[in-house]
Amino acid sequence: MKRKLWNKDYILLLQGSAVSTIGDLMYSVAIGYWVYEQTGSNSLMGIMSSISMFVTMFLSPFSGSIVDKCNRKWVLVCMDLLQSIVMLTIGVLAYMGKLNVPGVLIAAFLAAMGSVFYSPAASTLMLDIIPRDDMTRGQSIFSSINAAINMVGTAFSGLMVAFFGVPLIVIINGLSNLYSAISEMFIHVPKTVQQGETVSVKTVLRDSKVAVKTIFEEPCLRLFVPFALLLNLISAGSMTLALPFCLEKGFSVDMYGYLMSVCTAAYLVGAVLLGALKLSPKTRFWVMAIGFSCSEVFLGVAYLSAGFLPLCIFAFMGFILNCAGNTVFNASLMLALPEENRGAILGFVQSASTGGSALSAVIYGLLGDVFPLYLVCTAGCVLSLAPMLYLCFHPRTKEFILNH
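Residues numbered from 1 in each chain as written. Predicted model: local features only at pLDDT ≥ 70, side-chain atom pairs only at ≥ 80, totals over all residues. Heavy atoms only, no water.

Asker: Go over the overall build of the protein with me, naming the residues and quoting the values.
Answerer: Helix and strand counts for the protein come out as 16 helices and zero strands. Buried residues in the protein amount to 56% of all 404 residues. If you take every contact in the protein between residues at least 6 apart in sequence, the share linking residues at least 24 apart comes to 88%. Counting every atom, the protein has about 17000 Å² of accessible surface; 72% of that belongs to carbon and sulfur. (Helix = DSSP H or I, 4+ residues; strand = E, 2+ residues; numbered from the N terminus. Buried < 20%, exposed > 50% of the residue type's maximum accessible area, 1.4 Å probe, protein only. Contact = heavy atoms within 4.5 Å. Areas by Shrake-Rupley, 256 points an atom, 1.4 Å probe, with all protein chains shown as cover.)

Asker: Requested: an account of a nonpolar patch on the surface, with residues and values cited.
Answerer: Together, W74, L81, L175, L178, I182, M185 and F186 make up a nonpolar patch on the protein surface, roughly 640 Å² of accessible area in all. Where the nonpolar patch is concerned, the elements lending two or more residues are α3 (72-95) and α6 (166-184). It is α6 that provides the largest number of residues to the nonpolar patch, a total of three residues. Among the structural elements, L178 can be located in helix α6. Of the residues examined, L178 reaches a relative accessible area of 32% and is grouped as partly exposed. (Patch = residues over 30% accessible without salt bridge, like charges linked within 9 Å, V, L, I, M, F, W, Y side chains within 5 Å. Salt bridge = Lys/Arg side-chain N within 4 Å of Asp/Glu carboxyl O.)

Asker: Got a sec to walk through the packing of aromatic side chains? Specific residues and values, please.
Answerer: On inspection of all chains with the given rule, the structure shows eight aromatic pairs. Here the aromatic rings of F285 and F393 are separated by 6.4 Å at their centres, their planes lie at 90°, and the arrangement is edge-to-face. Linking F285 in helix α12 (residues 281-304) with F393 in the loop between α15 (373-392) and α16 (395-403), this pair joins segments that are 108 residues apart in sequence. Exposure remark for F285: the relative accessible area of 3% places this residue in the buried category. (Phe/Tyr/Trp six-rings, centres within 6.5 Å; stacked < 30°, edge-to-face > 60°.)

Asker: So what's going on with the side chain of S293? Which residues, and what values?
Answerer: You can see S293 is positioned in helix α12. Within the local environment of S293, its side chain forms a polar contact with the backbone oxygen of A289, the two atoms lying 2.8 Å apart. Among residues more than four places away in sequence, those in contact with S293 are L385, M388, L389, C392 and F393. (Polar contact = N/O pair within 3.5 Å; in protein donor to acceptor, adjacent residues only side chain to side chain.)

Asker: Could you give an account of the side chain of Q83, with specific residues and numbers?
Answerer: In this structure, Q83 sits in helix α3. On the basis of relative accessibility, which here comes to 15%, the residue Q83 falls in the buried class. Dropping the residues within four chain positions of it, Q83 is found in contact with D24, A111 and N177.

Asker: Which residues make up the packing of α12 against α16, and what values do they have?
Answerer: In contact at an axis separation of 8 Å, α12 and α16 are set at 135° when each is read in the N-to-C sense. Looking at the two axes, α12 sits oblique to α16. Every pair of crossing elements has a handedness; the one defined by α12 and α16 is right-handed. Between α12, through P281, K282, R284, F285 and M288, and α16, the contact on the second element is made entirely by T397, K398, I401 and L402. Looking at side-chain class alone, the contact of α12 with α16 contains five nonpolar, one polar and three charged residues. (Axes fitted to C-alpha atoms, helices over the stretch in contact; angles between N-to-C directions. Parallel < 35°, antiparallel > 145°, perpendicular 65-115°, else oblique. Left-handed = near helix turned anticlockwise from the far one by under 90°. Nonpolar A, V, L, I, M, F, W, Y, C, P; charged D, E, K, R; others polar.)

Asker: Lay out the packing of helix α8 (residues 219-235) against α16 in plain terms, naming residues and giving numbers.
Answerer: Angle between the axes and distance between the axes: these two values describe a pair of packed helices. Running from N to C, α8 and α16 point in directions that differ by 115°, and their axes come no closer than 10 Å. In this view, α8 runs roughly perpendicular relative to α16, as classed from their interaxial angle. Helix-helix and strand crossings are classified by hand; for α8 and α16 the assignment is left-handed. Across the interface between the two elements, P219, C220, R222, L223 and F224 of α8 pack against R396, T397 and F400 of α16. Split by residue class, the contact of α8 with α16 holds five nonpolar, one polar and two charged.

Asker: Explain the environment of I169 to me, using residue names and the numbers behind them.
Answerer: Take I169: it is sitting in helix α6. The exposure class of I169 is buried, given its relative accessible area of 1%.

Asker: Tell me about the environment of L279, residues and numbers included.
Answerer: Inspection of the secondary structure assignment puts L279 in the loop between α11 (253-276) and α12. The spacing of L279 and V328 is 49 residues in sequence and 9.9 Å in space, taken between C-alpha atoms. Dropping the residues within four chain positions of it, L279 is found in contact with L274, R284 and V287.

Written out as structure tokens, the structure is:
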């Protein structure tokens, strides 16, 4: 029988992810505000944000191979449980007044260790529970639900931090991850081609070698991986410093929350539109190319805006276009991965993009301690425009989108 998009496993994964997202977004605002209030350092904010990215960069090429050999249901459950334990511990320490910056950095490292295995398990599972001809729509719906939660939650996150305090917010995040772990126990997860194989250094290195060979032999992947590193290196760091950016502009923490909700609303609108429409391959290419290219222009103008309303308007336009580009490109990429080794290949692709983001967060943080953040962020948009145009309109990129 043809598998339906709205099947039990898809719904369970949706609602588990949704609840976990609520806790994660509140925690990110609360702990970011706590660190900035304690230190006032842009560079430390960048370092804290980059920890999870560096863990992802170094371990993703190997974690994907390990996940391919394991039962992905228990990978999801165990990683959510790890996240829950870490967050509950941090929350208790905060209530006792014993939380410090080193403790927050250690928690970020442990949470990143869980995420680096959770992400490939969830991404490859999506391929098995969503019909292939509904992949773009299924991922768009998944993204739109999480974006809707982010939009509402982020808008009030600043108020919640002020009203409830950092400790309770962290505790709520731990409980949300615990709920997510419980719900994932009821997902039926199909076996992968490699599931049951022995996990060893030899087999993981073998899979990594095959993944690297596949990337170098596949012309499109050979183009995408270095550009994912480059583009994220140039421009991704701005989002890790959104809170100090707003405070530097003279906006309040509440206004930061409203700005983040506007950005999330843009992702929601973009995801809903792409989830509702079935686009032809040619239309999908133009959506991707125009979306990626024009998003940098609108975001650059947003960073230069002096008023809060113009900032929100241009940010909304930039993020809705970025969402359109990302949704089309990621759906095509997932469909192009070979089933027998897709976890390892996805790990290398993620390693490149996340590695660029991690280095970008550190660089932006260091530059932000010397120059105004709005100039640093605008420069990143300007510098990324040329390589973005080259990638989007490269013949191999067009061929890739049209064929997947």
